[in-house]
Amino acid sequence: MSQTQIYEVEVMFGDCDPAGIVFFPNFSKWMDASSLNFFVKCGVQPWRELVKTRGIIGTPLLEIHTKFMKPATYGERLQVHTSVIEWGAKVFKHQHRVMRGDTLLCEGTEVRAFCERDPADASRIRAIPVPEDIKALCS
Ligand SMILES: CC(C)(COP(=O)(O)OP(=O)(O)OC[C@H]1O[C@@H](n2cnc3c(N)ncnc32)[C@H](O)[C@@H]1OP(=O)(O)O)[C@@H](O)C(=O)NCCC(=O)NCCSC(=O)c1ccc(O)cc1
């Protein structure tokens, strides 16, 4: 398990579909923003710094699973509660719980890997072992 960090979202009219409810890709966008926010709040440098200092380009997604329980609409404030629920050798699993106060609207898990550019071919990326110092900061 890990720390839990909270990312705040204010739902805009433009986030919604013609029926006035949040269009589903926006939940993925907010979960991705919440992932970066999670690491930064845990004390990890943002990717633009980490790529310069350690060659880590970020944490690309390998797998996602999302469950939608209740809709949201514009004018509402949501909170994305993000944690790491599993650490593997090269991958980790995020959990994102999108809440409106005490109400759970949507829950997602993502498998991600820390990646760097392949030194033999800079157009390719490759997964690296989960950095122990980053894991410690997030635990
Ligand atoms: C990530 C990869 C470079 C890893 O490839 P390799 O370096 O050859 O690694 P491996 O195949 O050995 O796999 C490494 C680990 O990943 C695991 N793996 C690989 N694929 C999967 C899937 N699909 N599910 C779960 N686990 C997986 C594998 O089991 C290994 O796990 P360990 O047992 O812990 O070692 C390659 O799988 C890839 O390029 N995948 C596509 C990534 C992609 O395009 N994602 C979508 C867009 S990226 C994105 O949105 C983004 C968000 C945020 C960011 O900061 C950056 C990018």
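One numbering rule holds for all chains: residues counted from 1, following each sequence as written. With pLDDT at 70 or above as the cut-off, local features in this predicted model cover only qualifying residues; side-chain atom pairs require 80 or more to be listed or tallied, and sums for whole chains, interfaces and linings still use all residues. Values shown for side chains rest on all heavy atoms present in the structure; no hydrogens or waters enter the calculation.

An unreviewed UniProt entry lists the protein under the name 4-hydroxybenzoyl-CoA thioesterase, from Hydrogenophaga intermedia.

Caption draft 1: Molecular detail of the overall build of the protein. Helix and strand assignments follow DSSP, with helices taken as H or I runs no shorter than four residues and strands as E runs no shorter than two, numbered in order from the N terminus. Within the protein, the secondary structure is distributed over 3 helices and 8 strands. In the protein, the succession of α and β elements from N to C terminus is β-α-α-β-β-β-β-β-β-β-α. It is over C-alpha atoms that the radius of gyration is taken, and the globule rule equals 2.2 Å times the number of residues to the power 0.38. Against the 2.2 N^0.38 benchmark of 14 Å for 139 residues, the protein shows a C-alpha radius of gyration of 16 Å, consistent with a compact globule. Projected onto the principal axes, the alpha-carbon positions of the protein cover approximately 50 × 30 × 25 Å. Scored against the burial criterion, the 139 residues of the protein give a buried share of 40%. Across the protein, every contact between residues at least 6 apart in sequence was considered, and the portion connecting residues at least 24 apart equals 63%. Accessible area is worked out with a 1.4 Å probe on protein chains only. A residue is then buried under 20% of its type maximum, exposed over 50%, and partly exposed in between. In this analysis, two residues are considered to be in contact whenever any of their non-hydrogen atoms come within 4.5 Å of each other.

Caption draft 2: Local environment of the sheet that holds strand S2 (residues 56-58). Paired strands, as defined in this entry, are two strands with at least two bridges between them according to DSSP. The strand order S2-S7-S8 describes an open sheet built from 3 strands, whose pairing is antiparallel. Of all the strands in the sheet, the pair left with one neighbour each is S2 and strand S8 (121-127). Strand-to-strand twist in this sheet, taken as the mean axis angle between neighbours without regard to direction, amounts to 45°. Relative to strand S7 (residues 115-118), S2 runs antiparallel, the two sharing 2 bridges. Residue pairing in the sheet places Gly58 in a bridge with Cys115 of S7. Convention adopted: a line fitted to C-alpha atoms gives each axis, helices being fitted over their contacting stretch, and angles between N-to-C directions are expressed from 0 to 180 degrees.

Caption draft 3: Examining the environment of His96 more closely. Residue position: His96 is located in strand S5 (residues 91-100). Assessed through its relative accessible area of 0%, His96 is described here as buried. For the pair His96 and Phe24, spaced 72 residues apart in the sequence, the C-alpha separation amounts to 14 Å. Each polar contact in these results corresponds to two N or O atoms within 3.5 Å; when the atoms are within protein, one needs to be able to donate a hydrogen and the other to accept it, and residues that are neighboring in sequence are counted only if both atoms are side-chain atoms. A polar contact is formed between the side chain of His96 and the side chain of Thr82, at a distance of 2.7 Å. At 2.8 Å, the side chain of His96 forms a polar contact with the side chain of Glu110.

Caption draft 4: How the structure looks around the sheet that holds S5. Taking strand neighbours across the sheet as the criterion, the 5 strands line up as S1-S4-S5-S6-S3 in an open arrangement whose pairing is antiparallel. Across the chains shown, the open sheet's two edge strands, defined by having one partner strand only, are strand S1 (5-10) and strand S3 (61-68). For this sheet the average axis-to-axis angle between neighbouring strands, irrespective of direction, equals 20°. As defined by bridge partners, S3 adjoins strand S6 (residues 103-113) across 7 bridges and the pair is classed as antiparallel. Following the sheet pairing, Phe68 is matched in S6 by Cys106. On top of the sheet, helix H1 (residues 25-41) reaches S1, S3, strand S4 (77-87), S5 and S6; it is set at about 140° to S1, its chief contact.

Caption draft 5: Quick peek at the site of the ligand. Whether a residue is near a molecule or strand depends on its heavy atoms: it is near if one of them lies within 4 Å of it. Around the ligand sit 17 residues, and of these Thr59, Leu61, Glu63, Lys90 and Ala127 come closest. In the environment of the ligand, a nitrogen atom lies 3.1 Å from a nitrogen or oxygen atom belonging to the backbone of Leu62. Note that an oxygen atom of the ligand is positioned 2.7 Å from one of the backbone N or O atoms of Ala127. Computed with a 1.4 Å probe, the accessible areas rest on the Shrake-Rupley method; for each residue, only the protein chains presented here act as cover. If the ligand stood free it would expose 1100 Å²; the protein chains cover 50% of that surface.

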